[in-house]
Amino acid sequence: MRHRIAGRKFGRSAAHRQSMTRNQVTSLLRYGRITTTEAKAKELRRWVERVITDAKPDDLNARRKVALYVNDREVSNKLFSTYLERYKERPGGYTRVVKLPPRHSDAAPMAIIELVE
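Computed from a predicted model, the values in this text were never measured in an experiment.

All right, on to the nonpolar core then. Residues V25, L29, I52, L79 and L115 are the most contacted members of the largest nonpolar core, which totals 25 residues. Among the elements of the structure, helix 1 (14-31), helix 2 (38-55), helix 3 (60-67), helix 4 (73-86) and strand 3 (110-115) are those that each provide at least two residues to this core. No other element matches helix 2, which puts 7 residues into this core. Here V25 is in contact with L44, W47, V48, V51, Y69 and V70, once residues within four sequence places are set aside.

Below, the discussion takes up the sheet that holds strand 1 (residues 33-37). Taking strand neighbours across the sheet as the criterion, the 3 strands line up as 1-3-2 in an open arrangement whose pairing is antiparallel. Whereas interior strands pair on both sides, the edge strands pair on one side only; in this sheet they are strand 1 and strand 2 (95-100). The mean angle between the axes of side-by-side strands here comes to 25 degrees, regardless of whether they run parallel or antiparallel. Alignment of strand 2 against strand 3, held across 6 bridges, turns out to be antiparallel. Its bridge partner being in strand 3, T95 is matched across the sheet by L115.

Turning next to the pattern of salt bridges. The tally for this structure, following the rule as stated, stands at 11 salt bridges. Between E38 and K42 there is a salt bridge, with its nearest N and O atoms 3.3 Å apart. Taken together, the residues E38 and K42, both in helix 2 and 4 residues apart, mark about one turn of the helix. Judged by its relative accessible area of 15%, E38 falls in the buried class. For the salt bridge of R63 with D58, the shortest nitrogen-to-oxygen distance reads 3.3 Å. Owing to a relative accessible area of 35%, R63 belongs among the partly exposed residues under this scheme.

Put simply, helix 2 and helix 3 touch, their axes get as near as 8 Å, and they point 160 degrees apart. Taken together, the axis directions place helix 2 and helix 3 in an arrangement best described as roughly antiparallel. The handedness of the crossing between helix 2 and helix 3 is left-handed. Each of V51, D54 and A55 in helix 2 lies in contact with helix 3, whose residues at this interface are A62, K65 and V66. Of the residues assigned to the contact of helix 2 with helix 3, the class counts are 4 nonpolar, no polar and 2 charged.

What counts as what
Residues numbered from 1 in each chain as written. Predicted model: local features only at pLDDT ≥ 70, side-chain atom pairs only at ≥ 80, totals over all residues. Heavy atoms only, no water. Core = buried A, V, L, I, M, F, W, Y, C linked by side-chain atoms within 4.5 Å. Buried < 20%, exposed > 50% of the residue type's maximum accessible area, 1.4 Å probe, protein only. Helix = DSSP H or I, 4+ residues; strand = E, 2+ residues; numbered from the N terminus. Contact = heavy atoms within 4.5 Å. Pairing = 2+ DSSP bridges. Axes fitted to C-alpha atoms, helices over the stretch in contact; angles between N-to-C directions. Salt bridge = Lys/Arg side-chain N within 4 Å of Asp/Glu carboxyl O. Parallel < 35°, antiparallel > 145°, perpendicular 65-115°, else oblique. Left-handed = near helix turned anticlockwise from the far one by under 90°. Nonpolar A, V, L, I, M, F, W, Y, C, P; charged D, E, K, R; others polar.

In short, the description is geometric, and any link to function would need to be established separately.
This is the structure we're talking about:
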């Protein structure tokens, strides 16, 4: 039984899962919207919300926390300049997951995850 166990494993090793999560966080913050499987979108939502909330103080410690999950300095600067202005007064709920029809090749449920305005 998986009582009180958070997070999805996706059939990957811990290192692969961590790398995939960091890459998806960086891509979502770079483009504002990405298409992925529904399970990955729902899991990604947890991490992006945490990164944006951690960035809100906009001090050195916040930048170091964000650097753990954002691989690109350009994207990190975009987060601290553009997104913090947008979400300054918002207490949470920075992302939206929109379901799409299944993927043709393997019928995996797909979704779009995007940053709200």
